[in-house]
Amino acid sequence: MEKLQYISQGQTRQEQELNIRTALDNGIKWVQVRWKNASEKELTELCTISKQLCSEYQAVCIINDHVQIAKEIDANGVHLGLNDVSIETARTVLGAHKIIGGTANTVSDVIQRIEEQCDYIGLGPLRFTATKEKLSPILGFEGYQHMINSLKEKSITIPRIFAIGGVTFEDIELLQQIGIYGVAVSGQITNQPAAINEFKKAMI
């Protein structure tokens, strides 16, 4: 599984598509299509185009929240928030071979996600981010360390956890030392697509 995910950004379909295309041009291999305020029609169009682009670039295409759209366009999988449809429902709709990721903010969320057999967990936010409207409590590096320590104390195998929320490539070394598997990045890659190379170099 890739260690660097790009979460798409943009106010319009054109902006979203341009940002996804640019990230792919700069070497991203995992795109999560996320466009919260779109109509279903526009979102479906964007997801369809994104899947085609990702296929051309041999990249993974994950759809945020929308299980039915992911099924319709044969995306590689979905990423689900804590208040979205259950992992179990998504698995039934999409099948065993698709990737299903889930959001978490607390130790109990992480344990819930492990029990639900998520393929990976997006844990955050690391710090404040303007990308997300309803931001969960900020974890900071201490929060991530606490999560990993708590799982170890409970003798729970550490899952593939991706740090999310205001992550920059300067954070990679410390996050990996803590035991975080990868990062999901939106702002820095959207604003500095060339940073993808920096992220890749920083990741072990």
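Not measured: the values here are computed from a predicted model. (Residues numbered from 1 in each chain as written. Predicted model: local features only at pLDDT ≥ 70, side-chain atom pairs only at ≥ 80, totals over all residues. Heavy atoms only, no water.)

A. Here's a closer look at the overall build of the chain. The secondary structure content of the chain amounts to 9 helices and 8 strands. Computed over its C-alpha atoms, the radius of gyration of the chain comes to 16 Å, within 12% of the 17 Å expected for a compact globule of 204 residues. Dimensions of the chain, computed from the C-alpha atoms along their principal axes, are close to 45 × 40 × 30 Å. Buried positions account for 50% of the 204 residues belonging to the chain. On the chain, roughly 9900 Å² of surface is accessible, and the fraction owed to carbon and sulfur atoms is 49%. Charge-centre separation for the chain: the mean point of 20 positive side chains lies 3 Å from the mean point of 24 negative side chains. (Helix = DSSP H or I, 4+ residues; strand = E, 2+ residues; numbered from the N terminus. Rg over C-alpha atoms; globule rule 2.2 N^0.38 Å. Buried < 20%, exposed > 50% of the residue type's maximum accessible area, 1.4 Å probe, protein only. Areas by Shrake-Rupley, 256 points an atom, 1.4 Å probe, with all protein chains shown as cover. Lys, Arg positive; Asp, Glu negative; His and termini not counted. Charge placed at Lys NZ, Arg CZ, Asp CG, Glu CD.)

B. Main features of unusual backbone geometry. Following glycine 124, the chain continues into proline 125 via a peptide bond in cis, with omega recorded as 5°. Although it is not a glycine, glutamine 58 adopts a positive phi angle of roughly 55°. The exposure class assigned to glutamine 58 is exposed, which follows from its relative accessible area of 71%. Here the phi dihedral of aspartate 65 falls at roughly 75°; this positive angle occurs in a residue that is not glycine. With respect to the helices, strands and loops of the structure, aspartate 65 is situated in the loop between β3 (60-64) and α3 (67-72).

C. Structural view of the nonpolar core. Leu4, Ile28, Leu123, Tyr144, Val183 and Ile189 are the most contacted members of the largest nonpolar core, which has 55 residues in total. Residues within four places of isoleucine 189 in sequence aside, it is in contact with Leu4, Tyr6, Ala23, Ile28, Ile196 and Phe199. Ranked by size, the runner-up nonpolar core spans 5 residues in total, among them Trp30, Ile62, Tyr120 and Phe162. (Core = buried A, V, L, I, M, F, W, Y, C linked by side-chain atoms within 4.5 Å. Contact = heavy atoms within 4.5 Å.)

D. View of helix α5 (residues 107-115). Of all the positions in α5, only Val107, Asp109, Val110, Ile111 and Arg113 are classed as buried. Among the structural elements, β4 (77-80), α4 (87-94), β5 (99-104), β6 (120-123) and α6 (140-153) are those in contact with the buried residues of α5. Glutamine 117 sits one or two residues past α5 and shows a positive phi near 65°.

E. Structural context of the environment of glutamine 5. Tracing the sequence through the fold places glutamine 5 in strand β1 (residues 4-7). Through-space distance from the C-alpha of glutamine 5 to that of glycine 182 is 8.0 Å; in sequence the pair is 177 residues apart. Glutamine 5 has contacts with Trp30, Gln32, Tyr120, Phe162, Val183, Ala184 and Val185, leaving out every residue within four places of it along the chain.

F. Local environment of helix α9 (residues 195-202). Regarding α9, the residues found buried are Ala195, Ile196 and Phe199. Buried residues of α9, viewed axially, fall in a sector of 110°; they line one side. (Arc of directions from axis to C-beta.)

G. Focus on the environment of isoleucine 161. The residue isoleucine 161 is located in strand β7 (residues 161-164) in this model. Classification of isoleucine 161 as buried rests on a relative accessible area of 0%. In this structure, the C-alpha to C-alpha distance between isoleucine 161 and glutamate 72, residues 89 residues apart in sequence, is 27 Å. Setting aside residues up to four positions removed in sequence, isoleucine 161 forms contacts with Ile121, Leu123, Ile148, Leu151, Ile180, Tyr181 and Gly182.

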